[in-house]
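Below are the chains, spelled out letter by letter.
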Amino acid sequence: MGAPTRQRKSSSSAAAGGQRATESQKEWLRRGLDQPGGKLPLFDRDGQRVHPRTIQSCMERGWAEPWFDNPLKPDWLVCKLTNDGRQLVSDS
């Protein structure tokens with residue numbers, strides 16, 4: 001038996017502390033790269049609301065954070081990219 005080999009983490013998992021992002025998470029996060037302050041969209045490219053589970057999981061992993069409360073729609077999370085989220089999608 002030889003020495004154990006180290007597995008190399010992909011840039012997606014390295015930036016996320018070992019957690020991988022799904023394609024829908026990465027697509028949502030990428031859309032904040034070109035927005036002022038890293039604002040993340042409330043709607044996808046087809047005009048549908050971004051699934052709350054996508055938003056919540058990105059927040060739990062530290063890739064997105066709440067930006068401000070939306071007084072007109074308090075149940076909608078207005079978020080922005082974090083540095084970890086920016087690094088995750090910039091590297092992939």
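None of the values given here were measured: they were computed from a predicted structure.

Asker: What is the right way to read the confidence of the model for the protein chain from this model?
Answerer: Detailed reading of the predicted model is not advised wherever pLDDT is low. On average, residues of the protein chain carry a pLDDT of 83, and 79% of them reach 70 or more. Put simply, helix H1 (residues 11-15) is where the protein chain has its lowest mean pLDDT, 43, and helix H2 (residues 23-30) is where it has its highest, 96. Confidence drops under pLDDT 50 across residues 1-16; counting only partners more than four residues distant or on other chains, this segment forms 17 contacts.

Asker: Before we go on, may I ask you to explain the nonpolar core in this structure?
Answerer: The nonpolar side chains of soluble globular proteins are, as a tendency, buried together. Formed by 13 residues in total, the largest nonpolar core has its most connected members in Trp 28, Leu 29, Leu 40 and Ala 64. Only H2, helix H3 (52-60), strand S2 (78-81) and helix H4 (83-91) provide two or more residues apiece to this core. With residues near it in sequence (within four places) discarded, Ala 64 still touches Trp 28, Leu 29, Leu 40, Cys 58, Met 59, Cys 79, Lys 80 and Thr 82.

Asker: What is the right way to read the pattern of salt bridges from this model?
Answerer: Under the definition given, this model contains two salt bridges. For Glu 23, the salt bridge identified is with Lys 26, shortest N-O distance 3.2 Å. One end of the pair, Glu 23, and the other, Lys 26, are both in helix H2, three residues apart, so they sit about a helical turn from each other. Here Lys 26 falls in the buried class, since its relative accessible area comes to 11%. In this structure, Lys 80 and Glu 65 form a salt bridge, with 3.7 Å as the shortest nitrogen-oxygen distance. Of the two residues, Lys 80 is situated in strand S2 and Glu 65 in strand S1 (residues 64-68); the sequence distance between them amounts to 15 residues. Take Lys 80: its relative accessible area is 23%, and that puts it in the partly exposed class. On the basis of relative accessibility, which here comes to 33%, the residue Glu 65 falls in the partly exposed class.

Calculation rules
- Residues numbered from 1 in each chain as written.
- Predicted model: local features only at pLDDT ≥ 70, side-chain atom pairs only at ≥ 80, totals over all residues.
- Heavy atoms only, no water.
- pLDDT = per-residue confidence, 0-100.
- Helix = DSSP H or I, 4+ residues; strand = E, 2+ residues; numbered from the N terminus.
- Contact = heavy atoms within 4.5 Å.
- Core = buried A, V, L, I, M, F, W, Y, C linked by side-chain atoms within 4.5 Å.
- Buried < 20%, exposed > 50% of the residue type's maximum accessible area, 1.4 Å probe, protein only.
- Salt bridge = Lys/Arg side-chain N within 4 Å of Asp/Glu carboxyl O.

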